[in-house]
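A closer look at the structure
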Amino acid sequence: MLDVDHFKALNDAFGHETGDRMLQAVGGFLGDETRHGDVACRFGGEEFVVVLPGASAQAAAARARSGAPPSSGSRSPTRAHDVGVTLSMGVAEYPAHAASADDLLRAADVALYEAKRQGRNRVVLASGGPRSRSAALMVEAQPVVPTPPAPAGSWAWPGPRR
């Protein structure tokens, strides 16, 4: 599970049009970066979920941490202000962290909010018992920055393509 850091402040500072374009771009980015068989979707507000069948939580978290932090900001499509974007991520695995889909989402959400509590712009793995390789719930992303003047949905991504 991932959340766009300080999204409300971005919306308040640059307007809902910019916020909407940011969410569209994050969704497009996730769709482009997921493997065949993965499921990426908007969960609500500025939260997204990616289901990675067959991935361990450790592998999912390592993949999310492997990207480089953003090196530059972007210009708002409606104003001449820099807009930097970071993401907080929570990773949970079934059945290691949960016995049901609802519990898995809760475990990922708890890990996500721990990432925010620790200062945002990071990946936190859910705590729990022995790990399994059945499925991991996480996001295949690191903090990203929109690259202007490309259309919404184009994002700089330092990680490998699969």
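Residues numbered from 1 in each chain as written. Predicted model: local features only at pLDDT ≥ 70, side-chain atom pairs only at ≥ 80, totals over all residues. Heavy atoms only, no water.

Right, let's talk about the overall build of the chain for a bit. Of regular secondary structure, the chain possesses four helices and eight strands. Every one of the 162 residues in the chain was classed for burial, and the buried ones make up 44%. Counting contacts in the chain only where the partners sit at least 6 residues apart, residues at least 24 apart contribute 73% of the total. In the form shown here, the chain has an accessible surface area of approximately 7,900 Å², with 52% of it arising from carbon and sulfur atoms. (Helix = DSSP H or I, 4+ residues; strand = E, 2+ residues; numbered from the N terminus. Buried < 20%, exposed > 50% of the residue type's maximum accessible area, 1.4 Å probe, protein only. Contact = heavy atoms within 4.5 Å. Areas by Shrake-Rupley, 256 points an atom, 1.4 Å probe, with all protein chains shown as cover.)

Another point: unusual backbone geometry. Backbone phi values are negative for most residues with the exception of glycine, while trans is the configuration of most peptide bonds. Note that the residue after Tyr94, namely Pro95, is joined by a cis bond; omega there is 0 degrees. By secondary structure assignment, the location of Pro95 is in the loop between strand S6 (87–94) and helix H4 (101–117). Phi is positive for His6, close to 55 degrees, though the residue is something other than glycine. Looking at the secondary structure, you find His6 in the loop between strand S1 (2–4) and helix H1 (7–14). Located in the positive-phi region is Arg120, a residue other than glycine, with phi close to 70 degrees.

Here we come to H1. Phe7, Leu10, Asn11 and Phe14 are the residues of H1 that are buried. End-on view of H1: buried residues confined to an arc of 100 degrees, all on one side of the axis. Exposed side chains of H1 directed beyond 90 degrees from the buried face belong to Lys8 and Asp12. Positive phi shows up at Gly15, right after H1, with a value of about 95 degrees. (Arc of directions from axis to C-beta.)

Side-chain pairs of opposite charge can arise whenever the charged atoms involved come near each other. On inspection of all chains with the given rule, the structure shows six salt bridges. In this structure, the salt-bridge partner of Lys116 is Asp5, at a minimum N-O distance of 3.1 Å. Placement of the pair is Lys116 in helix H4 and Asp5 in the loop between S1 and H1, with a sequence separation of 111 residues. Take Lys116 and Asp5: they sit in the same class, and that class is buried. The salt bridge involving Glu114 is made with Arg117; its shortest N-O contact spans 2.7 Å. (Salt bridge = Lys/Arg side-chain N within 4 Å of Asp/Glu carboxyl O.)

Let's shift gears to the nonpolar core. Of all hydrophobic cores here, the largest spans 23 residues; its most connected members are Val4 and Leu30. Looking at this core, the elements that each hand over two or more residues are S1, H1, helix H2 (16–33), strand S3 (47–53), helix H3 (57–65) and S6. When residues in this core are grouped by element, the largest group, five residues, is from H2. (Core = buried A, V, L, I, M, F, W, Y, C linked by side-chain atoms within 4.5 Å.)

Turning our attention to the pairing of strand S2 (residues 39–44). Sheet analysis places S2 next to S3, joined by five bridges and oriented antiparallel. Bridge pairing in S3 links Ala40 to Val50. As consecutive antiparallel partners, S2 and S3 are separated by two residues, and within that stretch Gly45 has a phi angle of approximately 55 degrees, a positive value. (Pairing = 2+ DSSP bridges.)

Now for the side chain of Asp38. Within the secondary structure, Asp38 sits in the loop between H2 and S2. Relative accessible area serves as the criterion here: at 12%, Asp38 is assigned to the buried category. At 2.8 Å, the side chain of Asp38 and the side chain of Arg35 are in polar contact. (Polar contact = N/O pair within 3.5 Å; in protein donor to acceptor, adjacent residues only side chain to side chain.)

Put simply, H1 and H2 touch, their axes get as near as 6 Å, and they point 135 degrees apart. By the angle class used here, H1 and H2 are oblique. In this structure, H1 uses Phe7, Leu10, Asn11 and Phe14 to contact H2, whose residues at the interface are His16, Thr18, Gly19, Met22 and Leu23. The residue makeup of the contact of H1 with H2, split by class, is five nonpolar, four polar and no charged. (Axes fitted to C-alpha atoms, helices over the stretch in contact; angles between N-to-C directions. Parallel < 35°, antiparallel > 145°, perpendicular 65-115°, else oblique. Nonpolar A, V, L, I, M, F, W, Y, C, P; charged D, E, K, R; others polar.)

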